[in-house]
There are 2 protein chains.
Amino acid sequence: MSKIRIGIVGYGNLGRGVELAVAANPDMELAAVFSRRDPASVKILAEGVPVCALADIESWKGKVDVMVLCGGSATDLPRQTPELAAMFNVVDSFDTHAKIPAHFAAVDAAARPAGTVGIISVGWDPGMFSLNRLYAECILPQGKDYTFWGRGVSQGHSDAIRRVKGVKDARQYTVPVEAAMDAVRSGSCPDLTTRQKHLRECWVVAEEGADLAAIENEIKTMPNYFADYDTTVNFISQEELDRDHKGIPHGGFVIRTGNTGANGETGHIIEYSLKLGSNPEFTSSVLVAYARAAFRLAQKGHCGAKTVFDVAPALLSPRDPADLRAHLL
Amino acid sequence: MSKIRIGIVGYGNLGRGVELAVAANPDMELAAVFSRRDPASVKILAEGVPVCALADIESWKGKVDVMVLCGGSATDLPRQTPELAAMFNVVDSFDTHAKIPAHFAAVDAAARPAGTVGIISVGWDPGMFSLNRLYAECILPQGKDYTFWGRGVSQGHSDAIRRVKGVKDARQYTVPVEAAMDAVRSGSCPDLTTRQKHLRECWVVAEEGADLAAIENEIKTMPNYFADYDTTVNFISQEELDRDHKGIPHGGFVIRTGNTGANGETGHIIEYSLKLGSNPEFTSSVLVAYARAAFRLAQKGHCGAKTVFDVAPALLSPRDPADLRAHLL
């Protein structure tokens, strides 16, 4: 059986994760990596796999089964996913929740005439968390779901701290509040404020002679990022930051409580949680599973934009349906 | 928009749960309940809904969109599901894991020529737990999954105790061992024996003058049911049993730990758990969500046997796909 030929577009943390995930799936092979950088400057792990200029990607039509797009949601994917969906089956991790409908429409418009499949917003949120919100709501329509994130590193919040005057480096953790999760699990369907759900924990390396009190104040009062949260600021050395905070862990919880019975007298709790050693490595592992599904959907003659909601779970697995029924059902 | 017309076949705990779940889903209506008992003797909750003899079910062809089969897996479903799939779209909760392939084949053989859809083995295990085993395995192929059941009532084990001489009534709880779950969550991929994973907790009402020591010994040494477990036996009065153990709670955990990275150096944990106030009410809520999917698959021209693995999640929801993308993704 021939392997599914995967292309990686963008070789940052996510692209490297996809490379590792492809190697972990024996029914796939890495065909090429595409980058906007000078290909000669991009060192990848796989031996014998070409690194190519993104500008030349069109010449790979017919030589790659699925392109896994590893760019950012702010500027890369809104342009790249529709462009590349006109030539290839694609999977992306577009994660700007509010802009998903527009992105879906753009990818759909490009993919349908091309006869390709584009699965967007794949990862864990959006992605596995979305699936769990959907399944739980369908099973327990009388109920309420809550999503908690963390404990994990927020890249956006870490960047925001690094822009504060006097800050040399920083790492920010989003931390779910245990008491809020316990209140949710009690089935009381609490209304929780932003402040009640998550804490923000900051580890900051200040420049020499910087005004630490001013830095702490500027972080804690920063609108949108920190002002609505209980935030702690810890100053440490660069050595400590590099030693203790070099990973990119993340995770979280989707919890739905709901009721059944003639008078709603029976309570149920559905809970899904992730504890991820590396956010990009896990996200890329999800992307690669959905790349398999994109390939199969295209083989069956489907086309257009899809999300995790549209993909039957069996399509994600390298095992055949009879094997799945016999051993996993 | 016309509602999805649901029929219930078998009106025990599960059938009553389906009746409640249909009432909780505004896009559905209960068309009829079918029973092997004298219809006049079957009291249902819904007003104005006919209770009919199972023998007359064929006359309902075209008047019910999906039959939800609520019989037992031992003798009812192996016969009923194929028989009824030849006339109706059907959903069942067949849960004899080892016999799923044969059941699937029988339902498929009946449904294909009839142009109907039969979704089998729907519930939480098989069902939601199976889905979580599948998703987690596809995302983390280098890993291992574990299923723990409980704390919850095992009907089969309770029945086994009631067959012991001198026992008047009994209730058995399956209890997962916390230490085993913690070992799994540590990522050490332990090999766990039957005894290490679950405890069995028995609440027994003895007949007057019965030999309690003999009862306890017979329970604890019963092959298949208890001999391989650490079992506790507690004797209580009928009043206490009725007061403290009248519910049918259940639940459990599916946990997969896996690794990514060039040398498997990054650990991840995916965990799904259910805490169910009522096993049959939850199972029937899952059945009803899949009844919606069965109806839609049939409308799209699909036919044959399916499992939860074959059903795209969006088909379970009353919301339209654009709404789901905008609000749940």
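Because the structure is a prediction, the values reported are computed rather than measured. (Residues numbered from 1 in each chain as written. Chains lettered and ligands numbered in written order. Predicted model: local features only at pLDDT ≥ 70, side-chain atom pairs only at ≥ 80, totals over all residues. Heavy atoms only, no water.)

Q: What am I meant to see in the side chain of A:Asp76 here?
A: Residue and element names in this part refer to chain A. Relative to the helices and strands, Asp-76 is located in helix H2 (residues 76-85). Residue classification places Asp-76 among the buried residues on the basis of a relative accessible area of 13%. At a separation of 2.8 Å, a polar atom in the side chain of Asp-76 contacts the main-chain amide nitrogen of Gly-72. (Helix = DSSP H or I, 4+ residues; strand = E, 2+ residues; numbered from the N terminus. Buried < 20%, exposed > 50% of the residue type's maximum accessible area, 1.4 Å probe, protein only. Polar contact = N/O pair within 3.5 Å; in protein donor to acceptor, adjacent residues only side chain to side chain.)

Q: Can you walk me through the pairing of strand E10 (residues 198-206) of chain A in this structure?
A: It is a general feature of regular strands that their side chains alternate between the two faces of the sheet. All names here are of chain A. Examined bridge by bridge, strand E9 (residues 167-176) and E10 share nine bridges and lie antiparallel to one another. The residue of E10 that forms the bridge with Gln-172 is Cys-202. Strand direction decides the pairing type here: E10 and strand E11 (residues 230-235), joined by six bridges, are parallel. Paired with Cys-202 across the strands is Val-233, a residue of E11. Following the chain from E10 across helix H8 (residues 212-220) to the adjacent parallel E11, one finds a crossover that is right-handed. (Pairing = 2+ DSSP bridges. Right-handed = clockwise from strand over helix to strand, strands pointing away.)

Q: Explain the sheet that holds strand E9 (residues 167-176) of chain B to me, please; I cannot follow it from the model alone.
A: Backbone-to-backbone hydrogen bonds pair the strands of a sheet. The strands run either parallel or antiparallel. All names here are of chain B. Spatially, the four strands line up as an open sheet ordered E8-E9-E10-E11, and their pairing is mixed. Bordering the open sheet on either side are strand E8 (152-153) and strand E11 (230-235), each of which pairs with just one other strand. Sitting on the sheet, helix H5 (residues 155-162) touches E8, E9 and strand E10 (198-206), and the angle it makes with E9 is about 145 degrees. (Contact = heavy atoms within 4.5 Å. Axes fitted to C-alpha atoms, helices over the stretch in contact; angles between N-to-C directions.)

Q: Explain unusual backbone geometry here, please?
A: Glycine aside, residues mostly have negative phi angles, and peptide bonds mostly take the trans form. The amide bond that connects A:Asp125 to the next residue, A:Pro126, takes the cis arrangement and shows omega of 5 degrees. Within the fold, A:Pro126 resides in the loop between strand E6 (117-119) and helix H4 (128-139). A cis amide bond, omega 0 degrees, links A:Gly150 with the succeeding residue A:Arg151. Residue position: A:Arg151 is located in the loop between strand E7 (143-149) and strand E8 (152-153). The phi torsion at B:Ser121 lies on the positive side, around 60 degrees, for a residue other than glycine.

Q: Looking at this structure, I do not really get the interface of chain A and chain B. What am I missing?
A: Interface size is commonly expressed as the accessible surface area that is lost when the partners come together. Between chain A and chain B, the contact holds 61 residues from the first and 61 residues from the second. In this assembly, chain A packs against chain B so that about 5300 Å² is buried in total across both faces, 65% of it on carbon and sulfur atoms. Inspection of the chain A/chain B interface yields two salt bridges. In this structure, B:Glu137 engages A:Arg319 in a salt bridge whose closest nitrogen and oxygen atoms are separated by 2.9 Å. Elements that contribute at least two residues to the side of chain A that touches chain B include exactly helix H3 (100-114), H4, strand E13 (266-276), helix H10 (279-299) and helix H11 (321-327) of chain A. The pairing of E13(A) with strand E13 (residues 266-276) of chain B spans nine bridges and is antiparallel. (Buried area = accessible area lost by both parts, 1.4 Å probe. Salt bridge = Lys/Arg side-chain N within 4 Å of Asp/Glu carboxyl O.)

Q: It is not clear to me how the pattern of salt bridges should be interpreted in this structure. Could you clarify?
A: A side chain of one charge can pair with a side chain of the opposite charge if their charged atoms are brought near each other. Summed over the entire model, instances satisfying the criterion amount to 36 salt bridges over all chains. Put simply, A:Asp27 and A:Arg292 hold a salt bridge, and the shortest N to O gap is 2.7 Å. With A:Asp27 in the loop between helix H1 (13-23) and strand E2 (28-35) and A:Arg292 in helix H10, this pair connects stretches of sequence that are 265 residues apart. Just as A:Asp27 is buried, A:Arg292 falls in that class too. Between A:Asp244 and A:Arg243 there is a salt bridge, and its shortest N-O distance comes to 2.8 Å. Beyond isolated ion pairs, a larger network of salt bridges with shared partners links A:Glu137, B:Arg319 and B:Asp323.

Q: Would you explain the relation of the copies chain A and chain B in this entry?
A: Relating one copy of the chain to the other requires a rotation about an axis plus a shift along that axis. Rotating chain A by 180 degrees about the axis while translating it 0.0 Å along that axis superimposes it on chain B, leaving an RMSD of 0.0 Å. What the superposition gives is, in effect, a two-fold axis relating one chain to the other. Interface overlap between copies: 100% of the residues of chain A at the interface are likewise at the interface in chain B, consistent with a symmetric, same-surface contact. (Least-squares fit on C-alpha atoms with pLDDT ≥ 70 in both.)

Q: How should the side chain of A:His268 be read in this particular structure?
A: When you line up the elements, A:His268 lands in strand E13. Residue A:His268 is classed as buried on the basis of its relative accessible area of 2%. Within the structure, the side chain of A:His268 is placed 2.8 Å from the side chain of A:Thr260, a separation counted as a polar contact. Looking at A:His268, its side chain comes within polar contact range of the main-chain nitrogen of B:Gly277, at 3.3 Å. Not counting chain neighbours up to four residues away, the residues in contact with A:His268 comprise A:Leu140, A:Arg256, A:Thr257, A:Gly258, A:Thr260, B:Lys275, B:Leu276, B:Gly277, B:Ser278, B:Glu281 and B:Phe282.

Q: Explanation requested: the sheet that holds strand E14 (residues 304-306) of chain A in the structure shown.
A: Residues and elements named next belong to chain A. The seven strands lie next to each other as E3-E2-E1-E4-E5-E6-E14, forming an open sheet whose pairing is parallel. The open sheet is flanked by strand E3 (51-53) and E14, the only strands paired with a single partner. The mean inter-strand angle of the sheet, taken between neighbouring strand axes irrespective of direction, is 25 degrees. Sheet topology note: the strand E5 (residues 89-91)/E6 ladder contains two bridges and is parallel. Across the sheet, residue Val-90 finds its bridge partner in E6, namely Gly-118. Against the sheet, H3 makes contact with E6 and E14, and its axis sits at roughly 140 degrees relative to E14, the strand it touches most.

Q: Even after reading the chapter, I still don't get the confidence of the model for chain A, so can you show me in this structure?
A: In regions of low pLDDT, the predicted coordinates are not meant to be interpreted in detail. Taken over all residues, the pLDDT of chain A has a mean of 97, while the share at 70 or more is 100%. Across the whole predicted complex the pTM is 0.97, and at the interface the ipTM reaches 0.97. (pLDDT = per-residue confidence, 0-100.)

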